[in-house]
Amino acid sequence: MAVDLRKWIGWIFDQPVPEPSLYWNQEELGPLDPDAGALAAVSSLFENPTVLLPYSDAQLSQGFWFLCGAESNLMRGLGNESIPWEARVRLIRSFSSLYRELFMARCTHHLSHLIRGHCAEALEISPLNSPCYMWWDFDCWVASPDHPLYRKLDAEYLEVMRQTLALPHDACREGALHGLGHWHRAYPRETTAIIDQFLDRNKNIREDLRSYAMAARCGCVL
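Being a predicted model, the structure only gives us computed values, none of them experimental.

K.L.:
Tell me about the nonpolar core, residues and numbers included.
P.N.:
Ranked by internal contacts, the top residues of the largest apolar core, which has 63 residues, are Phe 46, Phe 64, Phe 95, Trp 135 and Trp 141. When residues in this core are grouped by element, the largest group, eight residues, is from helix α4 (residues 85-106).

Okay, here's the thing in structure tokens:
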């Protein structure tokens, strides 16, 4: 589909918080069915997330939860074999720039797995920490090691997690570890190797992040 990127970005992110109309008034935006054009629009956004600077962290968090959730259906196009591989892999690889250019710049350094109840507001944690931490928990990408066609896709996801672990930001690293922990059951050798490499290269990380890495290493994350 032809995508008006400016209108699309405005509709997703330029909303008050909370904004329930995101979930039912999609006729203002048009269909969010995945195709090569739609994936290219998201890729362009993630590759150059500076266009999101005018929006608050709360607006961005709300928009990412909508974009990657069941209501939009768009990100499920990554597993659609009828969409050219080039369009799908470009979008996956754009996650790296999203983490590097947006999450690393605007998330606070708190570790989300340690936050309980209403502590987030009291600790002044950015709302953007939520999608940063939960990115690999969205159900639009699920490890599929028994499906030959999906193993190539999964390898790209794992590479993004590996790259994210190299960023000098604890919230971004935690998000990658969260994903690797969930993917450990499907790819134990690959996830263990990525985490071991991270720990070997970062011997002076904070102890609570090291403990979380060790938990992720055996798939013991929530």
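K.L.:
Could you give an account of the packing of helix α8 (residues 170-183) against helix α9 (residues 188-201), with specific residues and numbers?
P.N.:
When two helices pack together, their arrangement is given by the angle between their axes and by how far apart the axes lie. Direction vectors running N to C along α8 and α9 enclose 150°, while the axes themselves pass 9 Å from each other. Of the possible angle classes, the one that applies to α8 and α9 is roughly antiparallel. Here α8 runs over α9; the crossing is left-handed. Contacts between α8 and α9 pair Arg 173, Leu 177, Leu 180 and Trp 183 from the former with Thr 191, Ile 194, Ile 195 and Phe 198 from the latter. A class-by-class count of the residues in the contact of α8 with α9 yields six nonpolar, one polar and one charged.

K.L.:
Give a description of the layout of surface pockets that names residues and reports values.
P.N.:
To find the voids left in a structure, one rolls a probe of water-molecule size over its atoms. Within this model, the second largest pocket holds a volume of roughly 150 Å³. In terms of lining residues, the second largest pocket is bounded by His 113, Arg 116, Tyr 133, Met 134, His 178, Tyr 212, Ala 215, Cys 220, Val 221 and Leu 222. For the lining of the second largest pocket, the secondary-structure elements that each account for two or more residues are α6 (129-134) and α10 (207-217). Per-class residue counts for the lining of the second largest pocket are seven nonpolar, two polar and one charged.

K.L.:
Help me get a handle on the pattern of salt bridges, residues and values and all.
P.N.:
Per the counting criterion, the structure on display carries 13 salt bridges. One salt bridge connects Arg 106 with Asp 57, and the closest N-O pair in it is separated by 2.7 Å. Pair noted here: Arg 106 is in helix α4 and Asp 57 is in helix α3 (residues 57-67), with a separation of 49 residues, a long-range link. Among the residues examined, Asp 57 registers a relative accessible area of 18% and is labelled buried. Taken together, the salt bridges that share partners define one network made up of Asp 170, Arg 173, Arg 206 and Asp 208.

K.L.:
Describe in detail unusual backbone geometry, supporting the description with residues and values.
P.N.:
A cis amide bond links Val 17 with the next residue in sequence, Pro 18, at an omega value of -5°. Structurally, Pro 18 is set in the loop between α1 (5-13) and α2 (36-47).

K.L.:
Hey, could you go over the packing of α8 against α10 for me, with residue numbers and the actual values?
P.N.:
Two numbers describe how α8 lies on α10: the axes approach to 8 Å, and their chain directions differ by 15°. Judged by the inter-axis angle, α8 sits roughly parallel to α10. Between α8 and α10 the crossing geometry is left-handed. Contacts between α8 and α10 pair Asp 170, Arg 173, Glu 174, Leu 177, His 178, Leu 180 and Gly 181 from the former with Leu 209, Tyr 212, Ala 213 and Ala 216 from the latter. Considering only residue class, the contact of α8 with α10 consists of six nonpolar, two polar and three charged.

Criteria and thresholds
- For every chain, the first residue of the written sequence is number 1, and numbering continues from 1 along that sequence.
- Only residues with pLDDT of at least 70 are given local features in this predicted model, and only at 80 or more are side-chain atom pairs given and counted; all residues enter the totals for whole chains, interfaces and linings.
- Hydrogens and water are ignored here; the side-chain numbers use all heavy atoms of the structure.
- Each nonpolar core is a collection of buried residues, namely Ala, Val, Leu, Ile, Met, Phe, Trp, Tyr and Cys, held together in the definition by side-chain atoms within 4.5 Å.
- Burial status follows relative accessibility: with a 1.4 Å probe on protein chains alone, a residue under 20% of its type maximum counts as buried, one over 50% as exposed, and anything between as partly exposed.
- Each helix is a run of DSSP H or I of at least 4 residues and each strand a run of E of at least 2, with the numbering of both proceeding from the N terminus.
- All axes here are fitted lines through C-alpha atoms, helices being fitted over the stretch that makes contact, and every angle between N-to-C directions spans 0 to 180 degrees.
- Between 65 and 115 degrees an angle is taken as roughly perpendicular, under 35 as roughly parallel, over 145 as roughly antiparallel, and anywhere else as oblique.
- Two helices cross in a left-handed way if the nearer one is turned anticlockwise from the farther one by less than a right angle. They cross in a right-handed way if the turn is clockwise.
- We call two residues in contact when some of their heavy atoms are within 4.5 Å.
- Residues are grouped as follows: Ala, Val, Leu, Ile, Met, Phe, Trp, Tyr, Cys and Pro are nonpolar; Asp, Glu, Lys and Arg are charged; all remaining types, including Gly, are polar.
- The method works on a 1 Å grid over the protein atoms by themselves. A cavity is a set of points holding a 1.4 Å probe that cannot get out, a pocket is an open set with protein on both sides within 12 Å along at least five of seven lines, and residues with an atom within 4 Å of a point line them.
- Grid points are joined across faces, edges and corners, and a volume is the space filled by probe spheres set on the points.
- In what follows, salt bridge is the name for a side-chain nitrogen of Lys or Arg lying within 4 Å of a carboxyl oxygen of Asp or Glu.

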